[in-house]
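Observations on the model geometry
Here's the letter readout for the chains.
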Amino acid sequence: MRVKILGSGAGGGFPQWNCACPNCRSLRAGTFHGKARTQTQVAISADSRSWFLLGASPDLRSQIEATPELHPREQPAEKAPHDSPIDGVVLLNADIDHVLGLLLLRELQPLRVHATKSVRRILTKDNSMFAMLQRVPDQASWNEFMPGARFCLLSPTGKDSGLRCRALPLGSHFPAYVSAPRRSQLHPLESSLGLIVESPSGKRLAFMPAVPRIDKDVLKLLDSADLILFDGTFWTPDELVYMQGPGQSSWDMGHIPVSSPAGSLQKLAHLSHGRKIYIHINNTNPMLNEAGPEYRQVRDAGWEIAEDGWEFEL
Ligand SMILES: [Zn+2]
């Protein structure tokens, strides 16, 4: 299985359009020791021909253009020149940063969308723009998966990709835009999930960009993974409060911080099997600065900090 990181930033990317935090200011001034990042997006493939997107970021258009493997294949002159290698998408929540890119894939492109029943209902019942994915019968086909149950990634025609998945419920909150009446009809365990993908060779990817807490189930899965892409959104619980004034902590927003005694560096210090990589990094996070002590601390602890364009083979 090939795993490509097309985007590694949190919602808003780095720099973020309305942000003048020290990181964003310094990056714009050209004095920052680190990289710009688009919003988190991962693509996987078992055969390098058929690709699946984990989420669909608002930056998807430029991320596809930056990734030759995802460019449409050339067609014979008599056929329409639309043959994208993107066969499907796996949605792990209904956050805008995680689903908006679906609307960019609406050009009558056959697509298999794997999602929980709750996420599908939010998008297709309450947000009429997503009807653009259903204009013709063979456009988007939805496969619902249950948290905890195994499922395989299928192409739009139903071909098995060879990739096996299992999604783990992590959070219990739906996005703020979901109405109260709709919320009452949804299952909280279907709101925010982490994903384990097993390759045909038996290697495992753990993709967990939003983790509110690390419990025994999460630890067990991470222990079995060969490649871990883990929530690196915030450095400290009060990072945004410190920057912007009173508001939500990282815990309130469903993200365990990297540092602090209850943070992921400490909680996952014993993991030794897989390659450990932070992804979904917010523009305010000081570990983005490769000249700073936070970056050093993360690297010394055996973690890497994802960059756009990285690729892995599992
Ligand atoms: Zn910023």
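Just so it is clear, the model here is predicted, and its values are computed rather than measured.

1. Comments concerning the coordination of the zinc ion
Note on the zinc ion: its protein donors are Cys-19 (SG), Cys-21 (SG), Cys-24 (SG) and Asn-283 (OD1). The metal-donor distances range over 2.1 to 2.3 Å. Relative to the metal, the four donor atoms surrounding the zinc ion lie at angles of 100 to 121°, and the coordination shape comes out tetrahedral. For the zinc ion, all donor residues lie on one chain, and their spacing in sequence is C-x1-C-x2-C-x258-N.

2. Concerning the sheet that holds strand S11 (residues 227-231)
With mixed pairing, seven strands are arranged side by side in an open sheet as S7-S8-S9-S10-S11-S12-S13. Whereas interior strands pair on both sides, the edge strands pair on one side only; in this sheet they are strand S7 (150-154) and strand S13 (303-305). Within this sheet the neighbouring strands show an average axis-to-axis angle of 25°, counted without direction. Sheet analysis places strand S9 (residues 192-198) next to strand S10 (residues 204-208), joined by four bridges and oriented antiparallel. Of the residues in S10, the one forming a bridge with Glu-198 is Arg-204. Contacts from helix H6 (residues 216-223) reach strand S8 (160-171), S9, S10 and S11 within the one sheet, and its direction differs from that of S8 by about 150°.

3. Let's talk about the nonpolar core
By size, the foremost hydrophobic cluster in this structure holds 33 residues, and its most contacted members are Met-208, Leu-222, Phe-230, Tyr-278, Met-287 and Val-298. Beyond its immediate sequence surroundings of up to four residues, Met-287 is in contact with Gly-232, Trp-235, Val-258, Tyr-278, Ile-281, Glu-294, Tyr-295, Val-298 and Ile-305. With 29 residues, the next largest nonpolar core counts Leu-123, Phe-130, Phe-174 and Leu-186 among its residues.

4. Some points on a nonpolar patch on the surface
Among the surface-exposed residues, Ile-96, Leu-100 and Tyr-177 lie close enough to one another that they form a single nonpolar patch of about 250 Å² accessible area. Here Ile-96 shows up in helix H3 (residues 96-99). A residue is classified by how much of its surface remains accessible, and Ile-96, at 47% relative accessible area, is partly exposed.

5. Regarding the pairing of strand S4 (residues 86-90)
For S4, the tally of buried residues reaches five of five residues, placing the bulk of the element in the interior. Taking the sense of rotation as the criterion, the β-α-β connection linking strand S3 (residues 51-54), helix H2 (residues 60-65) and S4 turns out right-handed. Examined bridge by bridge, S4 and strand S5 (residues 111-115) share three bridges and lie parallel to one another. Its bridge partner being in S5, Val-89 is matched across the sheet by Val-113.

Cut-off values and rules
Residues numbered from 1 in each chain as written. Predicted model: local features only at pLDDT ≥ 70, side-chain atom pairs only at ≥ 80, totals over all residues. Heavy atoms only, no water. Donors = N, O, S within 2.8 Å, 3.2 Å for Na, K, Ca; no water. Tetrahedral: all angles 85-135°; square planar, octahedral: opposite > 155°, others 65-115°. Pairing = 2+ DSSP bridges. Helix = DSSP H or I, 4+ residues; strand = E, 2+ residues; numbered from the N terminus. Axes fitted to C-alpha atoms, helices over the stretch in contact; angles between N-to-C directions. Contact = heavy atoms within 4.5 Å. Core = buried A, V, L, I, M, F, W, Y, C linked by side-chain atoms within 4.5 Å. Buried < 20%, exposed > 50% of the residue type's maximum accessible area, 1.4 Å probe, protein only. Patch = residues over 30% accessible without salt bridge, like charges linked within 9 Å, V, L, I, M, F, W, Y side chains within 5 Å. Areas by Shrake-Rupley, 256 points an atom, 1.4 Å probe, with all protein chains shown as cover. Salt bridge = Lys/Arg side-chain N within 4 Å of Asp/Glu carboxyl O. Right-handed = clockwise from strand over helix to strand, strands pointing away.

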